[in-house]
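Architecture at a glance
Read off the chains here:
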Amino acid sequence: MAQETVPAGASLPPHLAQEFTEARTNGCVGTRLLSEDARCRVWTIVLPPGARISFHTHVLDYFWTAVTAGRARSHYGDGRVAEVDYEAGDIQHLSFAAGESMTHDLANVGNTELIFTTVEFLDSANPPLDLPAATRAEATPKAA
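All chains use their own residue numbering, which begins from 1 and follows the written sequence. Residues qualify for local features only when their pLDDT is at least 70, as the model is predicted, and side-chain atom pairs are given and counted only at 80 or more; totals for whole chains, interfaces and linings, by contrast, use all residues. Side-chain numbers come from the whole structure's heavy atoms, not from hydrogens or water.

**What about the pattern of salt bridges?**
Salt bridge, as applied in this entry: a Lys or Arg side-chain nitrogen positioned within 4 Å of an Asp or Glu carboxyl oxygen. Within this structure, the stated rule accounts for seven salt bridges. Between glutamate 36 and arginine 136 there is a salt bridge, and its shortest N-O distance comes to 2.9 Å. Here glutamate 36 is found in strand β2 (residues 32-36), whereas its partner arginine 136 is found in helix α2 (residues 133-137), with 100 residues between them in sequence. Of the residues examined, arginine 136 reaches a relative accessible area of 35% and is grouped as partly exposed. Glutamate 83 is the salt-bridge partner of arginine 71, the closest N and O atoms lying 2.8 Å from each other. Of this pair, arginine 71 sits in strand β6 (residues 70-75) while glutamate 83 sits in strand β7 (residues 81-86), placing them 12 residues apart in sequence. In terms of burial, arginine 71 and glutamate 83 fall into one category: buried. In this structure, a network of salt bridges that share partners links the residues Glu36, Arg41, Glu120 and Arg136. Put simply, DSSP marks the helices as runs of H or I at least four residues long and the strands as runs of E at least two long, and each gets a number from the N terminus on. Relative accessibility under 20% of the residue-type maximum defines a buried residue, over 50% an exposed one, and the middle range a partly exposed one, all with a 1.4 Å probe and only protein chains included.

**Quick look at the environment of leucine 114**
Counting through the fold element by element, leucine 114 comes out in strand β10 (residues 114-121). Only heavy atoms matter for contacts: two residues are in contact if any of them lie within 4.5 Å across the pair. Sequence-distant contacts of leucine 114, that is, excluding residues within four places in its chain, are made with Ile45, Val46, Leu47, Thr68, Ala69, Gly70, Arg71, Ala72 and Asn108.

**A closer look at the side chain of histidine 58**
Of note, histidine 58 is situated in strand β4 (residues 52-58). With a relative accessible area of 3%, histidine 58 lands in the buried category. Throughout this description, a polar contact denotes any pair of N or O atoms lying within 3.5 Å of each other; where both atoms belong to protein, one of them has to be capable of donating a hydrogen while the other can accept it, and for residues adjacent in sequence the pair is counted only when both atoms sit in side chains. Separated by 3.2 Å, the side chains of histidine 58 and histidine 104 make a polar contact. In this structure, histidine 58 is in contact with Val29, Phe96, Glu100, Ser101, Met102 and His104, ignoring residues within four places of it in sequence.

In structure tokens form, the structure reads like this:
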């Protein structure tokens, strides 16, 4: 996984600033919730070239893995922009202490479909953000 980061210092462009503000309570960290039980939520992100998942907020400990290779760009609230080249099988674990979070978007700026799997752990230091009923209705219970 190769990453290029534009340093912080500038604020978000106006068209993204409002979306960022509204996303502080958006716990939809994928394009589809695949499964949820008392311990975890399993998400997928599927982004064709040029597609973007809007700003969302991570409050739970989680990990992601890249299912496919590709290139993505994320914007963060401090104005930082990161572009990353992913290889299939890349993985990263992230943890948040009580009161900590991360809000960002993710855009596929490559020329291949970009797919990730994300697993959030509900027993983290922060309570999970609420999800819309429609998002939860599509998820299947995780097998015991």
